[in-house]
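Chains, contacts and geometry: an overview
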Amino acid sequence: MALQTISKTKTLSPVAEEGVLFRVLTAVSFCHLLNDMVQSLLPSIYPILKSSFKLDFGQIGLITLTYQITASLLQLFIGNYTDRRPLPYSLPLGMTVTLAGLILVAVASSFPMLLIAAGLIGVGSAVFHPESSRVARMASGGQHGMAQSFFQVGGNTGSAIGPLLAAYIVLPRGERGVGWFSIAALVGIAVLFWVSGWYKERLEHLQQRPVKHEDNAAPLPRKKIISAIAVLVALVFSKYFYLASLTIYYTFYLMERFHVSVRSSQIHLFVFLGAVAAGTLIGGPVGDRVGRKVVIWCSILGVLPFTLMLPYANLFWTGVLSVVIGFVIASAFSAILVYAQELVPGRVGMISGLFFGFAFGMGGIGAAVLGKLADATSVVYVYKVCAYLPAIGLLTGFLPNLERKRIGA
């Protein structure tokens, strides 16, 4: 009888009936690539900005804080609003705001102008991520983890490409070379207009065939849901605070400790971010098969031995360990996000905005705090302190097993 009920529940979703819409997933993932590639230029050109504007590490951290706090504060509100009133054409609008910030970086003549540009890029990100994540889920055909990973890997690939392109396009031209990336933003705007058209049509289709049941609903008490969300937030904190040390200060760390060139450090950063992209692609599908809690366990806590070794490794092993760390720790976010969406069904925008926003916020706060710590001590010391952050992964033990709950139901 239970099996019959589950079967009937699943047939109510027209999206599940149609299967995975890879055309839509590919388009929104490609735009995520362009969006995050453009946004990754900021940390990639920090050495250039530091030299041109005579900035200290605290000011570098403040630029990142401005961008990521702007994104984090707005994402939750935008996601919560669009749960009630979806805004399909907000996607190209968000990319347009990012384009404005990008152009301002290229022509900035003062530190305050850099902060304004960073804020505009943050606003663009805040608009883009909740709605594009919703599009990915709508096109998933029920394979939510796979779709979220597919969407996420676009962003991480863009983040990995950004430093490499910065090394060969921006570095020879200075910060004005950033203007060349406006072409990528314009392409993204065009593709997002098509995605928005599909999104609008899908919303009209779903209004005609409303989904009466949610097959991923978790029958949990409210207090247990709140405590589980709190644990997930703590795990995101550990992940992104640690990633801030690698993503934002990795080039400085390599130059300070091993005396490599700026270009060499950016290539190392590209390799690390490539590993992050690969880990992101694996996390979602594995979570669909073996359970999201298992992926979260292995991803956060499993990376601890490698983070503890990193500050004491030579240049070769630093490169190897950073790849392992990037691959393993990146697999967590898709699992965490889909797990949270299953905890609070029907609030995809709010949950996406909360976790994307919190991730950006933690990255920004981490950049600012670690920048001040680096000014007071050294970048090498920062890496020694941050090595213990993945131990927060022990909190995963407090998460309920949603797979068992669904089977029991």
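Predicted model only: the values in this text are computed from it and were never measured.

Quick notes on the confidence of the model for the chain
Mean pLDDT for the chain: 80, with 89% of residues reaching 70 or above. Here helix α1 (residues 2-11) stands out as the least confident element of the chain, with mean pLDDT 37; helix α14 (residues 304-309) is the most confident, with 94. Taken together, the stretch residues 211-218 has pLDDT below 50 and engages in 20 contacts with residues farther than four places along the chain or on a different chain.

Some thoughts on the packing of helix α9 (residues 144-170) against helix α12 (residues 262-290)
Across the interface, α9 lies against α12 with an axial gap of 7 Å and an inter-helix angle of 175°. One element, α9, and the other, α12, form an angle in the roughly antiparallel class. Classifying every residue of the contact of α9 with α12 by side-chain character gives 18 nonpolar, 12 polar and 2 charged.

Side note on the pattern of salt bridges
Under the definition given, this model contains 3 salt bridges. Taking the shortest distance from any N to any O, the salt bridge between Asp 83 and Arg 134 comes out at 3.0 Å. Highlighted residues: Asp 83 in helix α6 (residues 57-84) and Arg 134 in helix α8 (residues 111-138), separated in sequence by 51 residues. A salt bridge links Arg 134 to Glu 131; the nearest nitrogen and oxygen atoms lie 2.8 Å apart. Of this pair, Arg 134 and Glu 131 both sit in helix α8, 3 residues apart, roughly one helical turn. Summarising the burial analysis for this pair, Arg 134 and Glu 131 share the class buried. Three or more residues are tied together by salt bridges with common partners; here these are Asp 83, Glu 131 and Arg 134.

With respect to the side chain of Asn 35
Among the secondary structure elements, Asn 35 is positioned in helix α3 (residues 22-39). Owing to a relative accessible area of 0%, Asn 35 belongs among the buried residues under this scheme. If sequence neighbours within four positions are ignored, Asn 35 has contacts with Met 95, Thr 98, Phe 128 and His 129.

As for unusual backbone geometry
One non-glycine residue, Lys 54, lies in the positive phi region at around 55°. When you line up the elements, Lys 54 lands in the loop between α5 (46-52) and α6. Looking at Lys 54, the relative accessible area reads 73%, which means it is exposed. The phi dihedral of His 259 falls on the positive side, at around 60°, and the residue is not glycine. Structurally, His 259 is set in the loop between α11 (222-258) and α12.

Observations regarding the packing of aromatic side chains
The final tally for this structure, using the stated rule, is 10 aromatic pairs. Through successive ring pairs, a cluster of aromatic residues spans Tyr 253, Phe 258 and Tyr 383. Between Lys 239 and the ring centre of Tyr 240, over which it is positioned, the NZ or CZ distance is 4.0 Å.

Digging into empty space enclosed by the protein
All told, the structure shown has 2 cavities of 30 Å³ or more when counted by the stated rule. The space that makes up the second largest cavity amounts to roughly 40 Å³. In terms of lining, the second largest cavity is formed by Val 38, Gln 39, Leu 41, Leu 42, Ile 45, Leu 102, Val 105, Ile 121 and Val 178. Among the elements of the structure, α3, α4 (41-44) and α7 (90-107) are those that each provide at least two residues to the lining of the second largest cavity.

Definitions and limits used
Position labels on residues start from 1 in each chain and follow its written sequence. Where local features are concerned, this predicted model is filtered to residues with pLDDT of at least 70; where side-chain atom pairs are given and counted, the filter is 80 or more; whole-chain, interface and lining totals use all residues. Note: side-chain values were computed over all heavy atoms of the structure, leaving out hydrogens and water. What pLDDT expresses is the predictor's confidence in each residue, scored from 0 to 100. Secondary structure follows DSSP: runs of H or I at least 4 residues long count as helices, runs of E at least 2 residues long count as strands, and numbering of each begins at the N terminus. What makes two residues a contact is simply this: any of their non-hydrogen atoms within 4.5 Å. With axes taken as lines fitted to C-alpha atoms, and helix axes fitted only over the stretch in contact, angles between N-to-C directions fall between 0 and 180 degrees. Angular relationships are summarised with four words: roughly parallel below 35 degrees, roughly antiparallel beyond 145, roughly perpendicular across 65 to 115, and oblique for the angles in between. Classification convention: Asp, Glu, Lys, Arg as charged; Ala, Val, Leu, Ile, Met, Phe, Trp, Tyr, Cys, Pro as nonpolar; all other residues, Gly among them, as polar. A carboxyl oxygen of Asp or Glu within 4 Å of a side-chain nitrogen of Lys or Arg is what we treat as a salt bridge. Each residue gets one of three labels from its accessible area relative to the maximum for its type: buried under 20%, exposed over 50%, partly exposed in between, using a 1.4 Å probe on protein chains only. Ring pairs shown here join Phe, Tyr and Trp side chains whose ring centres sit within 6.5 Å, with only the six-membered ring taken for Trp; geometry is labelled stacked below 30 degrees between planes, edge-to-face above 60, and tilted in between. Any Lys NZ or Arg CZ found within 6 Å of a ring centre and within 35 degrees of that ring's normal is scored as a charge over the ring. Of the grid points, spaced at 1 Å and generated over the protein atoms alone, those admitting a 1.4 Å probe that cannot get out make up cavities, while open sets with protein on both sides within 12 Å along at least five of seven lines make up pockets; any residue with an atom within 4 Å of a point is treated as lining. Grid points are joined across faces, edges and corners, and a volume is the space filled by probe spheres set on the points.

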